[in-house]
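Structural overview
Next come the chains, spelled out residue by residue.
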Amino acid sequence: MTELSMTVNGKTVTGKAEGRTLLVTFLREELKLTGTHVGCDTSQCGACQVHVNGQPVKSCTMFAAEAEGADVRTIEGMANADGSLSVIQQAFQDHHGLQCGFCTPGMVMTTAALLKENPKPTEAEVREYLEGNICRCTGYHNIVKSIMAASGQDVSAIAAE
Amino acid sequence: MHNFDFVKPGSVAEAAEALKAEDAMALGGGQTLIPTMKARLNAPSALVSLSGMAEMVGVSGSDPVVIGGATTHGQVAAEAGYPALAALAGQIGDPAVRSRGTIGGSLANNDPAACYPAAALASGAVIKTDRREIVADDFFVGMFETALEEGEIITSVSFPVPAKANYQKFLQPASRFALVGVFVAQFDSGVRVAVTGASEEGVHRWSAAEEALSANFSAEALEGLSVASDGLMSDLHGSAEYRAHLVKVMTGRAVRAAG
């Protein structure tokens, strides 16, 4: 076990990890930040997505030790400072972008990464960017709609409520 | 996953030293290695992280374009002044995979369906290691096999930039690797065509197409050619015959897209 130190959601944190400890395990079991989910554990589904130094990563496929000294952001760091939902989170609620909610932390983190890179994506660009995020409930349509809405675009023409 | 010692060297020399330990392995972005370790297909005694060394990260130059071995696919997609290569990098995996996976890791692993080996072979890239320079034609030895020696580290890859180039990938949608991918590169000296995803020997050049395209760089030049299915991979995603067919189709598409 070694002691790791990193910034998570703006706070400096420390915790113990083995070489093999995955970042998602460190976040969930050492820091008790259980909003980041483990879906497939094979880097397919994206439920474990977090940001490391501003980049989206699958935290089930990165060792915690690789995040030593890094700036990590998880779903727990996505709400506004007053605790209200962020624009992205609110859009998912408003447009029914989740059903069971298991994939949603990853979807929200992916959306934040996309909109930072491309503030007004087309629907096709949204769908392409979601390639590494799997949802088994929604059929994606309302997720795409939520993301388009979060980018400030008119979604009234996107069907299927 | 079995436990291991995590080593984060500060320089390539330190990394090379750490890799001398018995059963130590280099860790690039881990996008292949970590899943294989979870499946216990790999159980290194130590992992030597190559991601934290500034000397191995970055994209520089215009011809050749030189890419540090620990540069992520995402950075290559955003920065490489070689459009066909940047486009290829931008199609690997998904955005999160591209944030971690590295060019050195991909080339060293030489997955028979990976994208980067096709770009390196078609471009006639030079793979630089901590010990020597290896031209792409000598680098790819077979499925998951390269000319790299034990503990040898890819420090950078140098890509000559062709006059015209394009990569066409027929996506295997579950893995996001290439079911078949073809990279076509036209240089003044001739055309090089590299095929990934098809052969049981891994990435390879299609010499008949190179000859035809060097004489006439158009999709029509491929019309009389056929690809034998002998030695091609056959699995639930596609038979050897289907892959053979795709090689020609994807080559034609790449030539058309290259203009």
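Located above this text is the structure these notes cover.
Residues numbered from 1 in each chain as written. Chains lettered and ligands numbered in written order. Predicted model: local features only at pLDDT ≥ 70, side-chain atom pairs only at ≥ 80, totals over all residues. Heavy atoms only, no water.

1. Here we look at the sheet that holds strand β3 (residues 49-52) of chain A
What links the strands of a sheet is backbone hydrogen bonding, and the strands pair in either a parallel or an antiparallel sense. Residue and element names in this part refer to chain A. A sheet is described by the order of its strands in space; here five strands give the open sequence β2-β1-β5-β3-β4, paired in mixed fashion. Both edges of this open sheet fall to β2 (11-17) and β4 (55-58), since each of them pairs with a single strand only. Strand-to-strand twist in this sheet, taken as the mean axis angle between neighbours without regard to direction, amounts to 40°. Relative to β2, strand β1 (residues 2-8) is paired through seven bridges, and the arrangement is antiparallel. From the neighbouring strand, V8 faces β2, where its bridge partner is K11. Sitting on the sheet, helix α3 (residues 104-117) touches β3, β4 and β5 (71-73), and the angle it makes with β3 is about 40°. (Pairing = 2+ DSSP bridges. Helix = DSSP H or I, 4+ residues; strand = E, 2+ residues; numbered from the N terminus. Axes fitted to C-alpha atoms, helices over the stretch in contact; angles between N-to-C directions. Contact = heavy atoms within 4.5 Å.)

2. A look at the nonpolar core
Ranked by size, the top nonpolar core spans 39 residues in total, and within it B:L107, B:Y116, B:F159 and B:F183 carry the most contacts. Secondary-structure elements contributing two or more residues to this core are β5 (65-68), α4 (83-89), α6 (103-109), α7 (116-123), α8 (136-139), β10 (154-159), β11 (164-171) and β12 (178-187) of chain B. Counting the residues that make up this core, at least three belong to each of domain 2 (54-159) and domain 3 (164-258) of chain B. Leave out the neighbours within four places in its chain, and B:Y116 touches B:H73, B:V76, B:L85, B:L88, B:A89, B:I92, B:I103, B:S106 and B:L107. Residues A:F92, A:C103, A:A112 and A:A150 belong to the second largest nonpolar core, which totals 25 residues. (Core = buried A, V, L, I, M, F, W, Y, C linked by side-chain atoms within 4.5 Å. Buried < 20%, exposed > 50% of the residue type's maximum accessible area, 1.4 Å probe, protein only. Domains from an automatic or database assignment.)

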